[in-house]
Amino acid sequence: MGAAPLILVADHERSCRDRITRLLRRIGFETAETPTGQEALEAAARLKPSLVVLDVSLPDVSGYEVCRELRDEYGHQLGIIFVSRERTAPADRVAGLLVGADDYIVKPFDDDELLA
């Protein structure tokens, strides 16, 4: 049996990163965490995750910019899911999908919603 898929969680809120990684590990995924956009880009290049769970409001590089760079570099074989507490209007969600995200989840989220 091969290694579990790796999911990169990039979120400036430690409590949110911890919650997401706990959920993902519970169902068998490997995880890595970063608090900034630049670290997310570096970790993605180094670790080659299957999925990135990406906060829109990162402290250095916007999650939208990170998403666009990841899409340009890895195409659609890399899954990207946005999460956001601040950017929750329909226009924000549409913008996230237009820059390349596969989904956009508003915080606080239900555990089952994220896992689905």
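Coordinates for the structure precede this section.
What you are looking at is a predicted structure, and each value in this text was computed from that prediction instead of being measured.

Caption draft 1: Representation of the overall build of the protein within the structure. In terms of regular secondary structure, the protein is built from five helices and five strands. Secondary structure elements of the protein, listed N to C terminal, follow the sequence β-α-β-α-β-α-β-α-β-α. Here the protein has a C-alpha radius of gyration of 13 Å; the compact-globule value for 116 residues is 13 Å, and the two agree. Principal-axis analysis of the C-alpha atoms places the extent of the protein at approximately 40 × 30 × 25 Å. Of all intrachain contacts in the protein linking residues separated by at least 6 positions in sequence, the fraction that spans at least 24 positions is 61%. Just so you have it, the protein exposes about 6,000 Å², and 52% of that area is on carbon and sulfur atoms. When the 14 basic and 21 acidic side-chain charges of the protein are each reduced to a single mean position, those positions are 3 Å apart.

Caption draft 2: Structural context of helix α2 (residues 37-47). Of all the residues in α2, the buried ones are Gly37, Ala40, Leu41, Ala43 and Ala44. The buried residues of α2 all sit within an arc of 165° when viewed along its axis, so they share a single face. Buried residues along α2 sit against β1 (6-10), β2 (30-34) and α3 (63-74). With a side-chain oxygen positioned 3.1 Å from the backbone nitrogen of Glu39, the residue opening α2 is Thr36. One or two steps after α2, the chain reaches Lys48, where phi turns positive at roughly 50°.

Caption draft 3: Examining the pairing of strand β4 (residues 79-84) more closely. Of all six residues in β4, six are buried; the element is thus mostly enclosed. Neither face of β4 is exposed, since Gly79, Ile81 and Val83 on one face and Ile80, Phe82 and Ser84 on the opposite face are all buried. Note that strand β3 (residues 51-55) and β4 share five bridges and pair parallel. When the bridges of β4 are listed, Leu54 appears paired with Phe82. Once you follow β3 into α3 and on to β4, the crossover reads as right-handed. Bridge count for β4 against strand β5 (residues 103-106) is four bridges, and the pairing is parallel. Residue Ile81 lies in a different strand from β5, and its bridge partner there is Asp103.

Cut-offs and rules
Residues numbered from 1 in each chain as written. Predicted model: local features only at pLDDT ≥ 70, side-chain atom pairs only at ≥ 80, totals over all residues. Heavy atoms only, no water. Helix = DSSP H or I, 4+ residues; strand = E, 2+ residues; numbered from the N terminus. Rg over C-alpha atoms; globule rule 2.2 N^0.38 Å. Contact = heavy atoms within 4.5 Å. Areas by Shrake-Rupley, 256 points an atom, 1.4 Å probe, with all protein chains shown as cover. Lys, Arg positive; Asp, Glu negative; His and termini not counted. Charge placed at Lys NZ, Arg CZ, Asp CG, Glu CD. Buried < 20%, exposed > 50% of the residue type's maximum accessible area, 1.4 Å probe, protein only. Arc of directions from axis to C-beta. Polar contact = N/O pair within 3.5 Å; in protein donor to acceptor, adjacent residues only side chain to side chain. Pairing = 2+ DSSP bridges. Right-handed = clockwise from strand over helix to strand, strands pointing away.

Such coordinate-based values are descriptive only and should not be taken to indicate function.
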